[in-house]
Amino acid sequence: MAKTRPGIITKTKTGKRDLDSYTIRGTNKLVRAGDCVLMRPSDTGKPPYVARIEKIESDARSNVKVRVRWYYRPEESLGGRRQFHGAKELFLSDHYDVQSAHTIEGKCIVHSFKNYTKLENVGAEDYYCRFEYKAATGGFTPDRVAVYCKCEMPYNPDDLMVQCEGCKDWYHPACVGMTIEEAKKLEHFVCSECSLDDDIKRSQNGFPSSPVADAKVESKRRKR
């Protein structure tokens with residue numbers, strides 16, 4: 001990805017003044033510094049860019065510009081999209097730019113990974129971020145995350161997983177020889193290794209929504 005997004009205005013002029021807010025063109029929605037927004041790409045075939053507003057300012061001709069910090073989608077990173085990357089996953093990059101405020105199409109919310117996994121329903125404006133990304137080097141912070149299942153992959157909140165009542169690890173249904181439909185009907189699950197122990201105490205409690213939560217099998221996928 002280029003260091004400057006297509007269609008971005010980067011020139012600065014004197015006579016600028018800071019603004020507390022900006023009303024998105026054609027709407028009554030206000031955006032302020034700290035808000036996350038969707039910005040129109042130069043290629044109409046691409047999804048909108050996602051950015052966090054750092055500053056809003058107006059020049060002597062009342063042209064409003066915003067200084068933004070870009071979020072990258074996995075496919076925009078040097079490593080590309082991987083299996084554990086969710087459909088709504090973003091990386092907060094170290095790539096800053098100044099762009100015309102007129103390119104803002106709407107507001108969105110970039111949740112923490114933990115908060116995103118707790119959402120009952122995921123809307124079109126909901127995204128999440130668990131990594132910061134260095135655009136020049138392709139490096140991530142943190143550079144390691146917890147892995148689950150036999151496949152030893154990080155958690156993808158789009159995928160249903162089941163938790164073993166013995167070892168407490170989480171598994172993809174396909175990795176333990178089940179279909180998603182079968183997994184949804186489970187009341188209890190014990191992995192093949194733990195099933196050898198006849199003394200496992202089976203909890204009668206309900207199941208949690210994900211490995212991030214504190215307790216067992218997600219019974220339905222989150223709506224979009």
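Residues numbered from 1 in each chain as written. Predicted model: local features only at pLDDT ≥ 70, side-chain atom pairs only at ≥ 80, totals over all residues. Heavy atoms only, no water.

As recorded in an unreviewed UniProt entry, the protein chain goes by Chromatin remodeling protein EBS-like and comes from Acer negundo. According to UniProt, the comment filed for the protein chain under the heading Subcellular location (unreviewed entry) is "Nucleus". Within the UniProt record for the protein chain, the comment given under Sequence similarities (unreviewed entry) is "Belongs to the SHL1/EBS protein family." (UniProt positions renumbered as here; feature names shortened; annotations may be inferred.)

A. Molecular detail of the pattern of salt bridges. Tallied over the entire structure, the rule returns eight salt bridges. The salt bridge partner of Glu57 is Lys16, with a shortest N-O separation of 3.4 Å. In this pair, Glu57 sits in strand β5 (residues 49-58) while Lys16 sits in the segment before β1 (17-18), placing the two residues 41 residues apart along the sequence. Judged by its relative accessible area of 39%, Lys16 is partly exposed. Ionic pairing is found between Asp18 and Lys55, a salt bridge with its closest N-O pair at 3.6 Å. Linking Asp18 in strand β1 with Lys55 in strand β5, this pair joins segments that are 37 residues apart in sequence. Residue classification places Lys55 among the partly exposed positions, given a relative accessible area of 35%. (Salt bridge = Lys/Arg side-chain N within 4 Å of Asp/Glu carboxyl O. Helix = DSSP H or I, 4+ residues; strand = E, 2+ residues; numbered from the N terminus. Buried < 20%, exposed > 50% of the residue type's maximum accessible area, 1.4 Å probe, protein only.)

B. Fine view of the environment of Gln83. Structurally, Gln83 is set in the loop between β6 (64-72) and β7 (89-100). Using a relative accessible area of 57% as the deciding quantity, one classes Gln83 as exposed. C-alpha of Gln83 to C-alpha of Pro154: the two residues are 71 residues apart in sequence and 9.0 Å apart in space.

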